[in-house]
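These are the residues of each chain, in order.
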Amino acid sequence: MKRLLAFAVCLLLVLSLSACSSKFEFGGETKVIEKVPNAMSVKEIFKDIKNVDYYKEFDTTGLKEEKVEKIDNSIIDIYYKDAKGTVVYESGEGYGETFFKYHMKSVSGKDLICSYYDEGVIITSDAYTVRLSDLNKDKPFGANSVEVNSREVSDSKFAWNISYCFENNKWVPVAALYESNDGVVTFWQGENYEGGYDTYYSVRYARHTSEPEVNTKILSDSAINIMPEFIFGRQRFSYLNDIDNKWYITADFVLTFETEEERDAFADKYDIKESDPQGNESDAITLRTGKITVPVSNECKDLADLLIYYEVDDPYYMSVTTNENGEITEFARGGFYSLY
């Protein structure tokens, strides 16, 4: 009898471990997971959020309400704080949907913001985001649709990260951003008609191992008194050796002059060939430089914001400012021209 009982216990244990491990099987191309080694695994993330209640009630009893009105867009943010002034809940008016956010700690002590919507829950920390849509207690992870984004926590310009979807009872890496010897790489993966997966790799920002050929004279020439422009979405950024080192932009810049004589003299000075204007550039006296590579100053604060835009659906003009060394010190959206 004791042997039979022991066998039953062992069998239950094996079945339990098997069921647990099956929840974290992977599908599709999985080698990309190794490219983001410092990001938390899916299993680690769900272990860290196991204290989250997917069906949390919005209970603000005993909390102090504080409203902050955003005049620009007629939105009101509402914060509910405890006696120490710590935000416990958030809500809002004018967003077009009903929601609330709950602030809590994860199992490991991470700060979590759990956002509750009609369609599900979004759990966010500095290291991961979990999106659970169409909650369903009968599903392995509590929802019919589950997505996870795991990212490395660092002070770098980029947060190397990887995203997963739970498909056909397996975790499939569907997107990633990481660094290789070639530069900053973006990865996508999607299911094809044959039931398998197609993968795509793209070097978004090229890495130079030696100083590239740059032009520091054209944009900083004293004859230019109107800020040069380029079409954001058609440029290329690159860097030297390390992402925290020197950055460059390669673009076909638009120069604006007050007279045709000034434009022609400038074109002769730098041997710039005639080019066709784009958008409404022909409304002014313009000259295109052709594609040139210009260094970006290490003091430029706008670069980090621009680098997060991996895809630009509707390209638009941006203007630049340079210093005496011919380096770009500032990017600003808008200018004289439009593509539409």
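Note that this is a predicted model, so its numbers are computed, not measured.

(A) Expanded view of the overall build of the chain. Along its length, the chain carries 4 helices and 18 strands. Its C-alpha radius of gyration of 27 Å places the chain more than 25% over the 20 Å reference for a compact globule of 340 residues. Reported as C-alpha extents along the three principal axes, the dimensions of the chain are approximately 100 × 50 × 35 Å. Burial status across the chain gives 39% buried among its 340 residues. Expressed as a percentage of contacts within the chain between residues at least 6 apart in sequence, the contacts between residues at least 24 apart total 52%. For the chain, the accessible area works out to roughly 20100 Å², and carbon and sulfur atoms hold 48% of it. Averaged over its 36 positive side-chain charges, the chain has a centre that lies 10 Å from the centre of its 59 negative ones.

(B) Summary view of the packing of aromatic side chains. One pass over the full model with this rule turns up 30 aromatic pairs. With a centroid separation of 4.6 Å and an interplanar angle of 50°, the aromatic rings of phenylalanine 46 and phenylalanine 141 are classed as tilted. Of this pair, phenylalanine 46 sits in helix 2 (residues 42-48) while phenylalanine 141 sits in the loop between strand 7 (128-135) and strand 8 (143-151); the two residues are 95 residues apart in sequence, bridging distant segments of the chain. No difference in accessibility class separates phenylalanine 46 from phenylalanine 141, as the two residues are buried. Taking 6.0 Å as the distance between ring centres and 80° as the angle between the ring planes, the aromatic pair formed by phenylalanine 230 and phenylalanine 331 counts as edge-to-face. One end of the pair, phenylalanine 230, is in strand 13 (residues 229-232); the other, phenylalanine 331, is in strand 18 (residues 328-333), and 101 residues separate them in sequence.

(C) Local environment of the pattern of salt bridges. One pass over the structure, following the stated rule, counts 11 salt bridges. Across the pair lysine 67 and glutamate 93 runs a salt bridge, and its minimum N-O distance is 3.6 Å. Pair noted here: lysine 67 is in strand 1 (residues 64-70) and glutamate 93 is in strand 3 (residues 87-93), with a separation of 26 residues, a long-range link. Assessed through its relative accessible area of 47%, lysine 67 is described here as partly exposed. For glutamate 93, a relative accessible area of 36% gives the class partly exposed. A salt bridge links glutamate 281 to arginine 288; the nearest nitrogen and oxygen atoms lie 2.6 Å apart. Residue glutamate 281 is classed as buried on the basis of its relative accessible area, which comes to 0%. With a relative accessible area of 4%, arginine 288 lands in the buried category.

(D) The arrangement of the state of the cysteines in detail. All told, the structure shown has 0 disulfides when counted by the stated rule. Here cysteine 114 is not cross-linked by a disulfide; its sulfur's nearest cysteine counterpart is in cysteine 165, at 20 Å. Overall, cysteine 165 belongs to the buried group, its relative accessible area being 17%.

(E) Structural context of the side chain of threonine 286. Summarising the element assignment, threonine 286 is placed in strand 16 (residues 285-296). If near-sequence neighbours (up to four positions away) are discounted, threonine 286 is found in contact with Val254, Leu255, Thr256, Arg263, Pro277, Glu281 and Tyr337.

(F) Just the pairing of strand 17 (residues 316-322), in detail. Burial runs high along strand 17: 5 of the 7 residues are buried. With 4 bridges connecting them, strand 13 and strand 17 associate as antiparallel partners. Across the sheet, phenylalanine 232 pairs through a bridge with tyrosine 316, a residue of strand 17. With antiparallel pairing between neighbouring strands as the criterion, strand 17 and strand 18 make up a hairpin whose turn holds 5 residues, including glycine 326 at a positive phi of roughly 80°.

(G) Geometry of unusual backbone geometry. A positive phi angle, close to 50°, is found at asparagine 168, a residue other than glycine. For asparagine 168, a relative accessible area of 61% translates into the label exposed.

Conventions adopted
Residues numbered from 1 in each chain as written. Predicted model: local features only at pLDDT ≥ 70, side-chain atom pairs only at ≥ 80, totals over all residues. Heavy atoms only, no water. Helix = DSSP H or I, 4+ residues; strand = E, 2+ residues; numbered from the N terminus. Rg over C-alpha atoms; globule rule 2.2 N^0.38 Å. Buried < 20%, exposed > 50% of the residue type's maximum accessible area, 1.4 Å probe, protein only. Contact = heavy atoms within 4.5 Å. Areas by Shrake-Rupley, 256 points an atom, 1.4 Å probe, with all protein chains shown as cover. Lys, Arg positive; Asp, Glu negative; His and termini not counted. Charge placed at Lys NZ, Arg CZ, Asp CG, Glu CD. Phe/Tyr/Trp six-rings, centres within 6.5 Å; stacked < 30°, edge-to-face > 60°. Salt bridge = Lys/Arg side-chain N within 4 Å of Asp/Glu carboxyl O. Disulfide = S-S within 2.5 Å. Pairing = 2+ DSSP bridges.

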